[in-house]
Amino acid sequence: MAVETAATRTAVDDGAVDLGPAVALSCRECGERVPLGPVFACQTCFGPLEAAYELPGGDAESAARLRARIEAGPRSIWRYAPLLPVPADVASAPNLNPGFTRLHRADRLAAELGVTGELHVKDDSGNPTHSFKDRVVAIAVEAARAFGFTTLSCSSTGNLAGAVGAAAARAGLRSCVFIPHDLEHAKVVMAAVYGGDVVGIEGTYDDVNRFCSELIGDPAGEGWGFTNVNLRPYYAEGSKTLAYEICEQLGWRLPDNIVIPVASGSQLTKIDKGLKELIAAGLVEERPYKIFGAQAAGCSPVSRAFKDGHDVVRPVRPDTVAKSLAIGNPADGPYVLDIARRTGGAVEDVTDAEVVDAVKLLARTEGVFAETAGGVTFGVLAKLVADGRIDPAGTTVAINTGDGLKTLDAVAPTTGPSAIIRPTLDSFREAGLAS
Ligand SMILES: *Cc1c(COP(=O)(O)O)cnc(C)c1O
Ligand SMILES: [Zn+2]
């Protein structure tokens, strides 16, 4: 299933791959270990492979040393290089230095929602291509370099395509990305502007993803690193940096509740992994936390399964304004269910109208313009606070994963100038806006 060029096979077999503290891949289901390489499914049970590490111990001295090293590091995800599958000198190679985005204390939104504790917005629209995808792509690029891939690719719901195009341009790699043909204009243009190839596919994201899996086994895709397919075990680790940053920005403290959007479920799953690693490394004090997943009603297979008490996620055909989250057959859906249930969280969904309302509410109260995926997250936050499933007295963090400029059409019909006037004081007074 994996791409096996002579170059990649030799690098892996020689043990010459330097991905820092990552020493192997291990199967999430059966625990089987395989050498680091561009593989993503267990040969024994077909379970997903994930990066396995030799990490520093959790004693007080190692924890203090690691914390000091992180705090002295660059203001990007590379400050967490000791916990990621990347070489120690990763920050010195040309890359977009994503991460370390702002964590806003959101008191005005809290007041509006009835949150009495601390509410924070983790605003990942501040990344280089204006979505959280720059985090995961930056890690995948390191794996692509390590395995000798010369073309960077992906199946994308929009943001990933832009992030791959930009990262490949900066790293001097070719890129060829695959998207559903009917994405938002801004996302298509952003994917193409970096000069790589963009292929629109007549079908849903799930069709695009299936096509890419076929391409990986074919000579037509020889030497290609698909960030979210054959490089997925590395790519996925990038989401852990959201967990690390949130805790560091809270003063090395776990929040009580985190609300996270769910497309494939990778981000939510790896944020949980990141929190567990921080506890194990002694960087935060262990205490219970709850993880909440957010979906759009028009693509809510995981929310549906959560509500029905099922362990299996039944695929759906997406129809929602939150196109970044429109994955009808989410690979990590079952893990999202496990994590929400184990931590005492939930998976909930909101309608497109609620998504648009939430985008405007966040903009109006906190000055943060979220893309529709963020509207899903903040809409679900509002719902969960209103029905008491999120304790209003706790410390809650909700993640905005993308920039509102990417999904202008969702809010444009109900958002515009208050008046169009002639450039005269009389005309302004007539508009009824004078103080
Ligand atoms: C990709 C993406 C997500 C999360 O995707 P997962 O597949 O669940 O990791 C969330 N928000 C935006 C804006 C995205 O582009
Ligand atoms: Zn297995």
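Please read these numbers as outputs of a predicted model, since none were measured by experiment. (Residues numbered from 1 in each chain as written. Chains lettered and ligands numbered in written order. Predicted model: local features only at pLDDT ≥ 70, side-chain atom pairs only at ≥ 80, totals over all residues.)

### Here's the deal with the domain arrangement of the protein
If you check the domain split of the protein, you get domain 1 (6–95 + 132–235) and domain 2 (103–130 + 239–414). Taking only C-alpha atoms into account, the centre of domain 1 sits 23 Å from that of domain 2. Each side of the interface is counted separately: domain 1 has 31 residues, and domain 2 has 32 residues. Elements supplying a minimum of two residues to the side of domain 1 that touches domain 2: α2 (60–71), α4 (133–146), α5 (159–171), α6 (185–192) and α7 (205–216). If you tally residues by element for the side of domain 1 that touches domain 2, the top one is α2, at 5 residues. Among the residues forming the side of domain 1 that touches domain 2, the class breakdown is 16 nonpolar, 7 polar and 8 charged. (Domains from an automatic or database assignment. Contact = placed C-beta atoms within 7 Å. Helix = DSSP H or I, 4+ residues; strand = E, 2+ residues; numbered from the N terminus. Nonpolar A, V, L, I, M, F, W, Y, C, P; charged D, E, K, R; others polar.)

### What to know about the pairing of strand β5 (residues 119–123)
Burial within β5 is extensive, with 5 of its 5 residues counted as buried. The sheet contact formed by strand β4 (residues 103–105) and β5 spans 3 bridges and is antiparallel. Looking across to β5, one finds that leucine 103 is bridged to lysine 122. Examined bridge by bridge, β5 and strand β13 (residues 396–400) share 5 bridges and lie parallel to one another. Across the sheet, lysine 122 pairs through a bridge with isoleucine 399, a residue of β13. (Buried ≥ 20, exposed ≤ 12 C-beta atoms within 10 Å, placed from the backbone. Pairing = 2+ DSSP bridges.)

### Regarding the site of ligand 1
Contacts to ligand 1 come from 17 residues, most closely from Ala263, Ser264, Gln267, Thr401 and Gly402. Three or more residues apiece are contributed to the shell around ligand 1 by two domains, here domain 1 (6–95 + 132–235) and domain 2 (103–130 + 239–414). (Near = placed C-beta within 6 Å.)

### Thoughts on the UniProt feature "domain: Tryptophan synthase beta chain-like PALP" (unreviewed entry) in the protein
The UniProt feature table records "domain: Tryptophan synthase beta chain-like PALP" (unreviewed entry) at residues 98–402. Taken end to end, residues 98–402 comprises 43% helix and 16% strand; its first and last C-alpha atoms sit 13 Å apart. (UniProt positions renumbered as here; feature names shortened; annotations may be inferred.)

### Re unusual backbone geometry
Backbone geometry places phenylalanine 46, a non-glycine residue, at a positive phi of 65°. Unusually for a residue other than glycine, histidine 130 sits at a positive phi of about 70°. You can see histidine 130 is positioned in the loop between β5 and α4.

### Overview of the nonpolar core
Counting residues in hydrophobic clusters, the biggest one holds 133 residues, and the most contacted among them are Ala140, Val164, Ile260, Phe292 and Leu325. Top contributing element to this core by residue count: α4, with 9 residues. (Core = buried A, V, L, I, M, F, W, Y, C linked by C-beta atoms within 7 Å.)

### A few points about the sheet that holds strand β7 (residues 174–180)
Pairing in this open sheet of 4 strands is parallel, and the strands run β8-β7-β6-β9 from one edge to the other. The strands lining the two open edges of the sheet, one partner per strand, are β8 (197–201) and β9 (224–226). This sheet shows a mean twist of 20° between the axes of neighbouring strands, independent of strand direction. Pairing geometry for β7 and β8, over 5 bridges, is parallel. Residue pairing in the sheet places isoleucine 179 in a bridge with glycine 200 of β8. With respect to the sheet, α7 is in contact with β6 (151–155), β7, β8 and β9, its orientation differing from that of β7 by roughly 140°. (Axes fitted to C-alpha atoms, helices over the stretch in contact; angles between N-to-C directions.)

### Side note on the packing of helix α11 (residues 301–308) against helix α12 (residues 333–343)
Packing of α11 against α12 leaves a shortest axis separation of 10 Å and a crossing angle of 45°. In terms of orientation, α11 and α12 fall into the oblique class. Crossing of α11 over α12 shows right-handed handedness. Contacts between α11 and α12 involve Pro301, Val302, Ala305 and Phe306 on the former and, on the latter, Gly333, Val336, Leu337 and Ala340. Of the residues that constitute the contact of α11 with α12, the class distribution is 7 nonpolar, 1 polar and no charged. (Parallel < 35°, antiparallel > 145°, perpendicular 65-115°, else oblique. Left-handed = near helix turned anticlockwise from the far one by under 90°.)

### As for the sheet that holds strand β3 (residues 49–53)
Judged by pairing direction, the sheet is antiparallel, and its 3 strands sit side by side in the order β2-β1-β3 without closing on themselves. Lying at the two open borders of the sheet, with one neighbouring strand each, are β2 (33–34) and β3. As paired strands, strand β1 (residues 22–27) and β3 are joined by 5 bridges and run antiparallel to one another. In the strand pairing of β3, alanine 24 is matched with alanine 52.

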